[in-house]
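Coordinate inspection notes
If you want the building blocks of each chain, they are given just below.
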Amino acid sequence: MNSTLKQDFFFKPSIQVAKDLLGHILVHNTDEMELSGIIVETEAYMGPEDRAAHSYQNRRTKRTEIMFHEAGYIYTYQMHTHTLINIVCEEIGLPQVVLIRALEPVNGIEKMIEFRKNQPISNLTNGPGKLTKALNITMESYGKPIWLPPVYIKEGIKPEHISSGPRIGIENTGEARDYPWRFWITDNKFISKK
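First, a word on what this report is: a plain description of the structure on this page.

Procedures and definitions
Residues numbered from 1 in each chain as written. Predicted model: local features only at pLDDT ≥ 70, side-chain atom pairs only at ≥ 80, totals over all residues. Heavy atoms only, no water. Helix = DSSP H or I, 4+ residues; strand = E, 2+ residues; numbered from the N terminus. Contact = heavy atoms within 4.5 Å. Salt bridge = Lys/Arg side-chain N within 4 Å of Asp/Glu carboxyl O. Buried < 20%, exposed > 50% of the residue type's maximum accessible area, 1.4 Å probe, protein only. 1 Å grid on protein atoms, 1.4 Å probe; cavity = no way out; pocket = protein on both sides within 12 Å on 5 of 7 lines; lining within 4 Å. Points joined across faces, edges and corners; volume = space filled by probe spheres on them. Core = buried A, V, L, I, M, F, W, Y, C linked by side-chain atoms within 4.5 Å. Pairing = 2+ DSSP bridges.

Quick word on the environment of Met33
On the secondary structure map, Met33 appears in the loop between β1 (25–29) and β2 (34–45). Along the chain, Met33 and Gly156 lie 123 residues apart, while their C-alpha atoms are 19 Å from each other. Contacts of Met33, omitting those with residues within four sequence positions, involve His28, Gly108 and Lys111.

Written out as structure tokens, the structure reads:
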């Protein structure tokens, strides 16, 4: 039985957490079953100085409030019709997060296919909005601790090789769009963008 990542795992800068999360397993325990996938792609958002972060210039709103709290809590938000899942990092008052961008499906794949309206396995969880739909993670997870069920992260494997590059979908954020703060397991076929 893989043990659950504890809160202290997240008391680090988001760039470090984004790399360290790769290979671990995101789990959603539903009433029916466990839905899970290996985290294969992440993005770091570094807080007040990062123009791409929701907490840029310490912007504090009802939506971003959880980012200013303790590490290890879930920050979900909606983009278009998608829910995106992030984990708060660092010390209180340093509002950094890691976005989970892609998973390699592990448990509950048939249910994931149902949630994703019969998409092929290769397209189930290869994007931040796709993976939350596949695992049925909703806005209800906002502000919940990531080390307690129903949504939590289990220990997995340490990847041999990690690649990095610019984050995706943040075009109008000046120089921040070029920071190489997206990380992925090299050559994994489930990442969101090749």
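Section: the pattern of salt bridges
Counting across every chain of the model gives 10 salt bridges. Between Asp20 and Lys12 there is a salt bridge whose closest N-O contact spans 2.8 Å. Of the residues examined, Asp20 reaches a relative accessible area of 23% and is grouped as partly exposed. On the basis of relative accessible area, Lys12 is assigned to the partly exposed category, the value being 21%. With a closest N to O distance of 2.7 Å, Glu41 and Arg182 form a salt bridge. Of this pair, Glu41 sits in strand β2 while Arg182 is found in strand β8 (residues 182–185), placing the two residues 141 residues apart along the sequence. Given the relative accessible area of 0%, Glu41 is considered buried.

A closer look at the environment of Pro149
Relative to the helices and strands, Pro149 is located in the loop between α3 (128–134) and β6 (151–154). For Pro149, a relative accessible area of 54% gives the class exposed. In sequence terms Pro149 and Thr4 are 145 residues apart; their C-alpha atoms lie 9.6 Å from each other.

A closer look at the layout of surface pockets
Put simply, the largest pocket is a space of about 490 Å³. In terms of lining residues, the largest pocket is bounded by 28 residues, among which Met79, Leu84, Arg101, Pro128 and Ile168 are the most central. Secondary-structure elements contributing two or more residues to the lining of the largest pocket are β2, β3 (74–79), β4 (82–89), β5 (96–107) and α3. In terms of residues, the lining of the largest pocket owes the most to one element, β3, which gives 4 residues. If you go around the second largest pocket, you meet 13 residues; those closest to its centre are His28, Thr138, Glu140, Ser141 and Pro150.

Considerations on the nonpolar core
Membership of the largest hydrophobic core comes to 38 residues, with the highest contact counts inside it found for Phe10, Leu21, Leu26, Ile100, Ile146 and Ile153. Contact partners of Ile153, with chain neighbours within four places excluded, come to Thr4, Leu5, Phe10, Leu21, His24, Ile25, Leu26, Ile39, Ile100 and Ile146. Counting 14 residues, the second largest nonpolar core, distinct from the first, contains Phe68, Tyr75, Tyr77 and Ile170.

Some details on the pairing of β2
In terms of residue burial, β2 counts as a mostly covered element, since 10 of its 12 residues are buried. Alignment of β1 against β2, held across 5 bridges, turns out to be antiparallel. Note on β2: the bridge partner recorded for His28 is Leu35. Looking at chain direction, β2 and β8 are connected through 3 bridges and run antiparallel. Looking at the pairing, Glu41 lines up with Trp184 of β8.

As for the pairing of β1
The buried fraction of β1 is high, at 4 of 5 residues. Between the end of β1 and the start of β2, which pair antiparallel, lie 4 residues.

Functional significance is not addressed by these values, which are geometric in nature.
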